[in-house]
Amino acid sequence: FLPWIGFFYKIAKSNIFVLLDDVQYTKNSYINRNLIKTSQGAQWITVPVLHSGKFGQLIYETKILRDISHTRKIIKTISQNYLQAPYYNYLFPEIENIINTRNDSLFELNQALIELICKKLEFNTVLIKSSSLLNIIGESTNRLISICKSLGAKSYLFGFGANKYQEMDLFNKNNIEATITSFNHPTYFQLFGSFIPNMSIIDLIFNMGPAAKNYFK
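1. Re the pattern of salt bridges
On inspection of all chains with the given rule, the structure shows 5 salt bridges. Between R143 and D22 there is a salt bridge, with its nearest N and O atoms 3.0 Å apart. Placement of the pair is R143 in helix α5 (residues 140-151) and D22 in the loop between β1 (16-19) and β2 (33-38), with a sequence separation of 121 residues. The two residues R143 and D22 agree in class, both being buried.

In structure tokens:
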């Protein structure tokens, strides 16, 4: 949900970016919440969801808790904390519209917001849902390798600390180059005093507007 800058750095560095929608949903994770900066410091904004309680509920199966008060709370929290940002009107109306209209599927909400941000940042990366790919097999690293093979990928871009939990040698054995991202978090103008890193991407765009795309070049 409204991912941080490092997530979009990976998109910017990729030809094809696969959105994993057919893997297990993790309760109270970044899938349905993220951090924004407020006058009181970093604050979570959370999309309430219906959790079936069954083991292995997939992300695309996860539904948003339909309650207009929850929707209003998310929109109000974003608005109150970024109303004075230089580029509030550059982004907020479109975010508000998506949150108001994508009120059923958590994945569809996230996908629509990610696509909006990619448009604002002028990315040309192709976004694909993993559930749209055929004959994907395996779990964990083997599943990623299967996805890469399905797309004819010759390289895979890992996130930070990937060498601690991914079997990187398996990529090499399958003739897929494994690369760990070299992202360095930028410092930019923020509201409310000292800079706080690792906020949602909306913090960057509300404060920097069209210039936000320059941080990904």
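And the narrative resumes.
2. Here's the deal with the packing of helix α3 (residues 88-101) against helix α4 (residues 106-120)
For any two helices packed against each other, the geometry comes down to the angle between their axes and how far apart the axes lie. Following both chains from N to C, one finds α3 and α4 inclined at 160°, their axes separated by 10 Å at the closest point. On the basis of their axis angle, the class for α3 and α4 is roughly antiparallel. The handedness of the crossing between α3 and α4 comes out as right-handed. Where α3 approaches α4, its residues Y90, L91, E94, I95, I98 and I99 are matched on the opposing element by L109, A112, L113, L116, I117, K119 and K120. Each residue belonging to the contact of α3 with α4 can be placed in one class, and the counts come to 10 nonpolar, no polar and 3 charged.

3. Topic: helix α2 (residues 68-82)
The terminal C-alpha atoms of α2, which comprises 15 residues, lie 21 Å apart, in line with the 21 Å expected from a rise of 1.5 Å per residue. T71, I74, I75, T77, I78, S79, N81 and Y82 are the residues of α2 that are buried.

4. Observations concerning the nonpolar core
If you look at the biggest cluster of nonpolar residues, it comprises 49 residues, and the most contacted ones within it are F8, I78, I201, I202 and F206. Among the secondary structure elements, those contributing two or more residues to this core are α1 (5-12), β1, α2, α3, α4 and α7 (201-208). Leaving out residues up to four positions away in the same chain, I202 has contacts with L2, I36, I78, Y82, L91, I95 and I117. Core analysis: the second largest hydrophobic core is formed by 8 residues, L144, C148, M168 and L170 among them.

5. So, α1
Taken as a whole, α1 has its buried residues at I5, G6, F8, Y9 and I11. Tucked inside the fold, the buried residues of α1 contact β1, α4, β6 (126-129) and α7.

6. With respect to empty space enclosed by the protein
Over the atoms, a rolling probe the size of a water molecule traces out where space has been left empty. Scanning all chains against the criterion turns up 1 cavity of 30 Å³ or more. Considering only enclosed or pocket space, the largest cavity measures out at about 80 Å³ in volume. Taken together, V47, P48, I64, L65, D67, H70, T71, I74, I99, R102, N103 and L109 make up the full set of residues lining the largest cavity. Here the lining of the largest cavity takes 3 residues from α2, the largest share from any one element. Residues that form the lining of the largest cavity fall into these classes: 7 nonpolar, 3 polar and 2 charged.

7. Let's talk about the packing of aromatic side chains
For the structure on display, the rule yields 15 aromatic pairs. Here the aromatic rings of Y9 and F183 are separated by 5.0 Å at their centres, their planes lie at 45°, and the arrangement is tilted. Of this pair, Y9 sits in helix α1 while F183 sits in the loop between β8 (177-180) and α7, placing them 174 residues apart in sequence. An identical accessibility class is assigned to Y9 and F183; each is buried. Judged by centre distance (6.3 Å) and plane angle (75°), the ring pair of Y87 and Y90 falls under edge-to-face.

Procedures and definitions
- Residues numbered from 1 in each chain as written.
- Predicted model: local features only at pLDDT ≥ 70, side-chain atom pairs only at ≥ 80, totals over all residues.
- Heavy atoms only, no water.
- Salt bridge = Lys/Arg side-chain N within 4 Å of Asp/Glu carboxyl O.
- Helix = DSSP H or I, 4+ residues; strand = E, 2+ residues; numbered from the N terminus.
- Buried < 20%, exposed > 50% of the residue type's maximum accessible area, 1.4 Å probe, protein only.
- Axes fitted to C-alpha atoms, helices over the stretch in contact; angles between N-to-C directions.
- Parallel < 35°, antiparallel > 145°, perpendicular 65-115°, else oblique.
- Left-handed = near helix turned anticlockwise from the far one by under 90°.
- Contact = heavy atoms within 4.5 Å.
- Nonpolar A, V, L, I, M, F, W, Y, C, P; charged D, E, K, R; others polar.
- Expected span 1.5 Å × (residues − 1).
- Core = buried A, V, L, I, M, F, W, Y, C linked by side-chain atoms within 4.5 Å.
- 1 Å grid on protein atoms, 1.4 Å probe; cavity = no way out; pocket = protein on both sides within 12 Å on 5 of 7 lines; lining within 4 Å.
- Points joined across faces, edges and corners; volume = space filled by probe spheres on them.
- Phe/Tyr/Trp six-rings, centres within 6.5 Å; stacked < 30°, edge-to-face > 60°.

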